[in-house]
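An overview of the molecular structure
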Amino acid sequence: MKSGIVVLLGRPNVGKSTLLNAVLKEDLSIVTPKAQTTRDQIRGILNEPRGQVVFIDTPGVHKAKEGGINAFMIQEVKKALDGPDLVIYLIDPMSKVSAERLMLEYLKEASSKLILLVNKADLVKVHAEQFKWLDPWIDEVKQELQGTRCEWIATHSISAVKKKGVKELLQLIFDELPNGEPLYPVDDSLTDRSLRFIVAELIRKQLFMNLGDEIPYSCAVEIESFKENKKPVVIQAMIYVERESQKGMVIGSQGKKIKEIGTAARKEIEKLMGEKVFLELRVKVLAAWTSEQTKLKSLGYELEKRSRK
Ligand SMILES: Nc1nc2c(ncn2[C@@H]2O[C@H](COP(=O)(O)OP(=O)(O)O)[C@@H](O)[C@H]2O)c(=O)[nH]1
Ligand SMILES: [Mg+2]
């Protein structure tokens, strides 16, 4: 039996969370068209007759200001890179080489096998001209990694959205993983994260889907109570924003916006849980929570020591 940890690594919006969901065949990690949706690392457990793969979805690699929520996200990326068996470096062909260079310092630090994975293959035909940078970049990465402990083993292309090439990718992964006992119990559990966490994420997803560009980045969600033994299940959640004006935007005129967000989130939560849910959302200002460490910590985004990059 094969067993191991596989980290999904890449810049924001390359499709890491979409790929996790495609291999698990479940919507575990939230996906939105906006960059930097994922804030925490999320483990997705795939059990197969061939063995167990523990995938770690990570926030996108980007340059983060010290001490704030983005530094927490980068900390999550770096933690995930501590000792996996395999790293999958996802590349969005719509990106450009100057933006990808940042990835090298992460790859050079990884001491594991590496698969270079070009995602969004469905776009390649339509936008072929724009992708000329891709092959030279892949060659450059391979060259830069020579002499490091990060060992390139394959380059592969997929479309995570269309689920093309995913089966072959899984074969590549199983081929490379060591033999061993499963790291997690082999049962139906898909993740190490709690239902509360996933529910809070589903609410956060709807904030990204329903609010203007900047506001979702100032939002955090906390589940205040979760009564599973009630029918319907009663869930109360608090949405934290940074400013009074944002609170107004989340609520909307006559509460229209928050109602839309709540309805959309409730539907997804009901789908996940397979039962009726009563979802109550409230909004509260927690001034500058994205930049103050004690507030970040209170929302579950704890920075260790002083933040690194
Ligand atoms: N066309 C296309 N879009 C994709 C593909 N994979 C992901 N996306 C889209 O890219 C955006 C970002 O995806 P997401 O998984 O959240 O990226 P992440 O930030 O790396 O986790 C979403 O709008 C996805 O629907 C793909 O294979 N093809
Ligand atoms: Mg993501």
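Let us look at the structure shown here.

What counts, and where the lines are drawn
- Residues numbered from 1 in each chain as written.
- Chains lettered and ligands numbered in written order.
- Predicted model: local features only at pLDDT ≥ 70, side-chain atom pairs only at ≥ 80, totals over all residues.
- Heavy atoms only, no water.
- Donors = N, O, S within 2.8 Å, 3.2 Å for Na, K, Ca; no water.
- Helix = DSSP H or I, 4+ residues; strand = E, 2+ residues; numbered from the N terminus.
- Buried < 20%, exposed > 50% of the residue type's maximum accessible area, 1.4 Å probe, protein only.
- Near = heavy atom within 4 Å.
- Polar contact = N/O pair within 3.5 Å; in protein donor to acceptor, adjacent residues only side chain to side chain.
- Areas by Shrake-Rupley, 256 points an atom, 1.4 Å probe, with all protein chains shown as cover.
- 1 Å grid on protein atoms, 1.4 Å probe; cavity = no way out; pocket = protein on both sides within 12 Å on 5 of 7 lines; lining within 4 Å.
- Sits in = over half its atoms within 2 Å of the grid points.
- Nonpolar A, V, L, I, M, F, W, Y, C, P; charged D, E, K, R; others polar.
- Pairing = 2+ DSSP bridges.
- Points joined across faces, edges and corners; volume = space filled by probe spheres on them.
- Axes fitted to C-alpha atoms, helices over the stretch in contact; angles between N-to-C directions.
- Parallel < 35°, antiparallel > 145°, perpendicular 65-115°, else oblique.
- Left-handed = near helix turned anticlockwise from the far one by under 90°.
- Contact = heavy atoms within 4.5 Å.

**Comments concerning the coordination of the magnesium ion (ligand 2)**
For the magnesium ion (ligand 2), the full set of protein donor atoms is Ser17 (OG) and Thr38 (OG1), at a range of 2.1 to 2.2 Å. A residue pair is termed long-range when its members are at least 10 positions apart, and Ser17 in helix α1 (residues 16–24) and Thr38 in the loop between α1 and β2 (42–48) qualify at 21 residues. Taking relative accessible area as the criterion, Ser17 reaches 8% and is therefore assigned buried. By relative accessible area, Thr38 is classed as buried at 8%.

**A few points about the site of ligand 1**
In the region of ligand 1, 17 residues are neighbours, and Asn13, Gly15, Lys16, Thr18 and Asp122 sit closest. Within the side chain of Lys16, an N or O atom sits 2.8 Å from an oxygen atom of ligand 1. Between Ala160 and ligand 1, the recorded distance is 2.9 Å, taken from a backbone N or O atom to an oxygen atom. Relative to its free-state accessible area of 580 Å², ligand 1 is covered by the protein chains to the extent of 85%. In a pocket analysis with a 2 Å cut-off to the grid points, ligand 1 is assigned to the largest pocket. Going through the elements one at a time, α1 and α5 (121–124) are the ones with two or more residues in the shell around ligand 1. If you tally residues by element for the shell around ligand 1, the top one is α1, at three residues. Across the shell around ligand 1, the residue classes break down as seven nonpolar, seven polar and three charged.

**Some details on the pairing of strand β4 (residues 86–91)**
Burial analysis of β4 places six of its six residues in the buried class, which makes it a mostly covered element. Inspection of the sheet shows β4 paired to strand β5 (residues 113–118) by six bridges, in the parallel sense. Residue pairing in the sheet places Leu86 in a bridge with Lys113 of β5.

**Examining the layout of surface pockets**
Each pocket or cavity is described by its volume, and for the largest pocket that value is around 340 Å³. Lining of the largest pocket is provided by 25 residues; of these, Asn13, Gly15, Thr18, Val31 and Thr32 occupy positions nearest its centre. Elements that contribute at least two residues to the lining of the largest pocket include exactly α1 and α5. Here the lining of the largest pocket takes three residues from α1, the largest share from any one element. Classifying every residue of the lining of the largest pocket by side-chain character gives 10 nonpolar, 11 polar and four charged. A volume near 290 Å³ is recorded for the second largest pocket. Lining the second largest pocket are 13 residues, with Phe197, Ala200, Val221, Glu222 and Leu299 positioned closest to its centre. Contributing elements (two or more residues each) for the lining of the second largest pocket: α8 (195–210) and β7 (220–227). In terms of residues, the lining of the second largest pocket owes the most to one element, α8, which gives five residues. Here the lining of the second largest pocket is built from residues that sort into six nonpolar, two polar and five charged.

**Remarks on the packing of α8 against helix α10 (residues 256–273)**
Their axes nearest at 9 Å, the elements α8 and α10 cross at an angle of 140°. With respect to α10, the axis of α8 lies oblique. For the element pair α8 and α10, the recorded crossing hand is right-handed. Of the residues in α10, those in contact with Leu195, Ile198, Val199, Leu202, Ile203, Lys205, Gln206, Leu207 and Asn210 of α8 are Lys257, Glu260, Ile261, Ala264, Ala265, Glu268, Ile269, Leu272 and Met273. Considering only residue class, the contact of α8 with α10 consists of 12 nonpolar, two polar and four charged.

**Here's the deal with the sheet that holds β2**
The six strands lie next to each other as β2-β3-β1-β4-β5-β6, forming an open sheet whose pairing is mixed. The open sheet has two free edges, formed respectively by β2 and β6 (151–157), since each of these has just one partner strand. The mean angle between the axes of side-by-side strands here comes to 20°, regardless of whether they run parallel or antiparallel. Where β5 meets β6, six bridges bridge the pair, whose relative direction is parallel. Opposite Leu114, over in β6, you have Trp152 as the bridge partner.

So yeah, pure geometry; function would need other evidence.
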